[in-house]
Amino acid sequence: QLRAYKDEHEDTDVPLKYPKNSALGAFVNRQRTEYRKMQQGVHSSLTKERINSLNELGFKWQMRVSRTPWEQRLKELREFKGVHGHCNVPSTWSENQPLAYWVFKQRGQYRMFKQALESGNRNSRCNMTADRVAQLDILGFEWAPTRKASRLSEK
């Protein structure tokens, strides 16, 4: 079925809710999920034979374009601070919405990082490190800005 899809569409990027064949969309999604598990060292039902067969079809194991590197966003934040004098990128800043979202996410990551340090349990969803905290601290990053400071930065 996947071969037939590729013949028709010239790729194997079957949407999860593919109207013509929802089972095929679910199958493709499941293969990617099992592959990620295998990459993380978790038990997976995916076999080397299936991987090879899918690779021969030109199967894409990841659909998302890789994220912008953390260091690139830090550079953008430095540039923002150079212009605005602070690191409180407004959540509604249209000039660089991805940076505004990244700043918001760093605060959430920092909270998870602190909780993990206090509890001794590493959170697998936490990408914050002591080095990243230090780099943001040096820049003058506010981890818990007041609403007033956020509103002032939007002006």
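In case you missed it, the structure is sitting above this.
The rules we used
- Residues numbered from 1 in each chain as written.
- Predicted model: local features only at pLDDT ≥ 70, side-chain atom pairs only at ≥ 80, totals over all residues.
- Heavy atoms only, no water.
- Phe/Tyr/Trp six-rings, centres within 6.5 Å; stacked < 30°, edge-to-face > 60°.
- Buried < 20%, exposed > 50% of the residue type's maximum accessible area, 1.4 Å probe, protein only.
- Core = buried A, V, L, I, M, F, W, Y, C linked by side-chain atoms within 4.5 Å.
- Helix = DSSP H or I, 4+ residues; strand = E, 2+ residues; numbered from the N terminus.
- Contact = heavy atoms within 4.5 Å.
- Axes fitted to C-alpha atoms, helices over the stretch in contact; angles between N-to-C directions.
- Parallel < 35°, antiparallel > 145°, perpendicular 65-115°, else oblique.
- Salt bridge = Lys/Arg side-chain N within 4 Å of Asp/Glu carboxyl O.

Undergrad: Whenever I open this one, the packing of aromatic side chains confuses me. Can you help?
TA: We describe a pair of aromatic rings using the distance from one ring centre to the other and the angle between the two ring planes. Under the criterion given, the structure shown has eight aromatic pairs. Taking 4.6 Å as the distance between ring centres and 65° as the angle between the ring planes, the aromatic pair formed by Phe 59 and Trp 61 counts as edge-to-face. The pair Phe 59 / Trp 61 is uniform in exposure class, with both members buried. By way of ring pairs, the aromatic residues Tyr 35, Phe 59 and Trp 61 are connected into one cluster.

Undergrad: Can you walk me through the nonpolar core in this structure?
TA: Inside soluble globular proteins, nonpolar side chains tend to come together where they are buried. In this structure, Leu 77, Val 89, Leu 99, Trp 102 and Leu 136 are the most contacted members of the largest nonpolar core, which totals 21 residues. The biggest single contributor to this core is helix 5 (residues 97–119), with seven residues. Trp 102 has contacts with Trp 70, Arg 73, Leu 74, Leu 77 and Leu 136, leaving out every residue within four places of it along the chain. Counting 12 residues, the second largest nonpolar core, distinct from the first, contains Leu 24, Val 28, Leu 54 and Phe 59.

Undergrad: Is there a simple way to explain unusual backbone geometry in this structure?
TA: Most peptide bonds take the trans configuration, and most residues that are not glycine carry a negative phi. With a phi angle near 65°, Glu 10 is a residue other than glycine that sits in the positive phi range. Residue position: Glu 10 is located in the loop between helix 1 (2–9) and helix 2 (22–39). Owing to a relative accessible area of 69%, Glu 10 belongs among the exposed residues under this scheme.

Undergrad: What is the right way to read the packing of helix 4 (residues 70–84) against helix 6 (residues 130–139) from this model?
TA: Two quantities define a packed helix pair, namely the angle between the axes and the distance from one axis to the other. Direction vectors running N to C along helix 4 and helix 6 enclose 10°, while the axes themselves pass 11 Å from each other. By the criterion of interaxial angle, the relationship of helix 4 to helix 6 is roughly parallel. Every residue of helix 6 that contacts helix 4 at Trp 70, Leu 74, Leu 77, Arg 78 and Lys 81 is listed here: Arg 132, Gln 135, Leu 136 and Leu 139.

Undergrad: Would you take a moment to explain the pattern of salt bridges for this structure?
TA: For side chains of opposite charge, pairing can occur when their charged atoms come near one another. Within the structure shown, the criterion is met by six salt bridges. Note that Lys 60 and Asp 13 form a salt bridge whose closest N and O atoms lie 3.1 Å from each other. One end of the pair, Lys 60, is in the loop between helix 3 (48–56) and helix 4; the other, Asp 13, is in the loop between helix 1 and helix 2, and 47 residues separate them in sequence. The salt bridge involving Lys 75 is made with Glu 79; its shortest N-O contact spans 3.7 Å. Of this pair, Lys 75 and Glu 79 both sit in helix 4, separated by four residues, roughly a single helical turn. Take Glu 79: its relative accessible area is 46%, and that puts it in the partly exposed class. One network of salt bridges, in which partners are shared, links Asp 13, Arg 32 and Lys 60.

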